[in-house]
Amino acid sequence: MKRSIVLILSFFFVAWFRFETVKAQEFKFAFLTDMHVHSDSTLSQVDRRLRSLPSQVELILSGGDNVDIDNLKTAELSHGEQRLKQLKDLFDRTKKPYHMAIGNHDRLPGNLRNGKNDFALFEKTFGQTYYAFEHKGWKFIVLNSVETMDNHYVIGEHQLQWLQDVVKNTTKDQPLVLISHVPFLSVYYPVLEGRYTATDTFVNQKQVFDLFKEHSLKLVLQGHMHLYEEIKVKEVQFITAGAVSGNWWHGNFEGTAPGHLEVDVNGKDFSWKYVK
């Protein structure tokens, strides 16, 4: 009898604990994408932007293309690694939690890639290229969308299996945010070039999106395009959040000023603004 009571109490304690851990609260976070640090001056501009973040910002997210590595020559890689460390120091100085995504320009130069260590310098500085974490009841899932297959961006098989496990172990009502450098969805080419193409989206985006059919996916944050876009599909808000570097540090890009996104979360609702 006593054992039955203990088991029942344990069940209710676990259920209560799970409910408490997913109870959504209020907080503010910043999303900075496409910083493209390549010099002391660009590093200084990122520093100024980080210093300008409101004190209410509790955590900072990166959307990838942090430091331009992939265009370096082999002899210049040490300079790229130094830039990564300098950028990390800037984020450390904020004294706020931060989480970095990898972009295509954060990869090793093409002549050094072999499919195994494409992300070596990023991993050495910032750690894993895909992972999940929680903050005040919300779950954030950071993807590595710059894996490639047949010259197309893809969420690779191993990462996809990991993602399926993450979703499986997430309660259906917990609010979720996905961070992907390469977009799920974008109107970049139709708007700017008058054509539809799968270029600059990852090829299995629908397969990934469909994993969340029965879950509370609220927001997808994207980078890569340097264009500011808002697309809402099936009650999911997609935001391609411009670029900190704007037109690669030369002013506006097609009407999108250099900037970052600030998101205010209130329970399971949220609002946002693009800060130029």
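What you are looking at is a predicted structure, and each value in this text was computed from that prediction instead of being measured. (Residues numbered from 1 in each chain as written. Predicted model: local features only at pLDDT ≥ 70, side-chain atom pairs only at ≥ 80, totals over all residues. Heavy atoms only, no water.)

### Some remarks on the packing of aromatic side chains
Part 1 of the argument: All told, the structure shown has 18 aromatic pairs when counted by the stated rule.
Part 2 of the argument: Relative to Tyr189, the ring of Tyr188 has its centre 4.9 Å away and its plane inclined at 65°; by these criteria the two rings are edge-to-face.
Part 3 of the argument: Classification of Tyr188 by relative accessible area gives buried; the value is 15%.
Part 4 of the argument: Centroid distance Trp248 to Phe253: 5.6 Å. Interplanar angle 85°. Geometry classified as edge-to-face. (Phe/Tyr/Trp six-rings, centres within 6.5 Å; stacked < 30°, edge-to-face > 60°. Buried < 20%, exposed > 50% of the residue type's maximum accessible area, 1.4 Å probe, protein only.)

### So, the sheet that holds strand β9 (residues 216-222)
Part 1 of the argument: The six strands are arranged β4-β5-β8-β9-β11-β10 in an open sheet whose pairing can be described as mixed. Single-partner strands in this sheet number two, and they are β4 (131-135) and β10 (228-233). Strand-to-strand, the axes of this sheet are offset by a mean angle of 20°, without reference to chain direction.
Part 2 of the argument: Sheet topology note: the β9/strand β11 (residues 236-241) ladder contains four bridges and is parallel. (Pairing = 2+ DSSP bridges. Helix = DSSP H or I, 4+ residues; strand = E, 2+ residues; numbered from the N terminus. Axes fitted to C-alpha atoms, helices over the stretch in contact; angles between N-to-C directions.)

### What about the nonpolar core?
Part 1 of the argument: If you look at the biggest cluster of nonpolar residues, it comprises 50 residues, and the most contacted ones within it are Val46, Leu87, Phe184, Val208 and Phe212.
Part 2 of the argument: Looking at this core element by element, the count peaks at five residues for helix α3 (residues 77-93).
Part 3 of the argument: When sequence neighbours within four positions are dropped, the list of residues in contact with Phe184 reads Leu143, Leu178, Thr201, Phe202, Gln205, Val208, Phe209, Val220, Gln222 and Phe238.
Part 4 of the argument: Ile179, Leu221, Ala241 and Tyr274 belong to the second-largest nonpolar core, a separate cluster that totals 22 residues. (Core = buried A, V, L, I, M, F, W, Y, C linked by side-chain atoms within 4.5 Å. Contact = heavy atoms within 4.5 Å.)

### Here's the deal with the environment of Gln25
Part 1 of the argument: Within the element layout of this structure, Gln25 appears in the loop between α1 (2-22) and β1 (26-32).
Part 2 of the argument: Separated by 113 residues in sequence, Gln25 and Trp138 have C-alpha atoms that sit 8.2 Å apart.
Part 3 of the argument: Leaving out residues up to four positions away in the same chain, Gln25 has contacts with Lys136, Val265, Asn266 and Gly267.

### Describing the pairing of β4
Part 1 of the argument: Burial of β4 is one-sided: the residues Tyr131, Phe133 and His135 facing one way are buried, the residues Ala132 and Glu134 facing the other way are not.
Part 2 of the argument: The pairing of β4 with strand β5 (residues 138-142) spans five bridges and is classified as antiparallel. The residue bridging Tyr131 from the neighbouring strand is Val142, located in β5.
Part 3 of the argument: Between β4 and β5, which pair antiparallel one after the other, the connecting turn spans two residues, and Lys136 there sits at a positive phi close to 50°.

### Some details on the environment of Gly255
Part 1 of the argument: Considering the arrangement of structural elements, one finds Gly255 in the loop between β11 and β12 (260-266).
Part 2 of the argument: Residues Gly255 and Asn111, spaced 144 residues apart in sequence, show a C-alpha to C-alpha distance of 35 Å.

### Section: helix α2 (residues 40-52)
Part 1 of the argument: Between the first and last C-alpha of α2 there are 18 Å, a value that for 13 residues agrees with the 18 Å anticipated at 1.5 Å per step.
Part 2 of the argument: Regarding α2, the residues found buried are Thr42, Leu43, Val46, Asp47, Arg49 and Leu50. One side of α2 holds all its buried residues, which, seen down the axis, span an arc of 165°. Seen from the buried face of α2, the exposed residues on the opposite side, beyond 90 degrees, are Asp40, Arg48 and Arg51.
Part 3 of the argument: For α2, the elements touching its buried residues are β1, β2 (57-62), α3, β12 and β13 (269-275). (Expected span 1.5 Å × (residues − 1). Arc of directions from axis to C-beta.)

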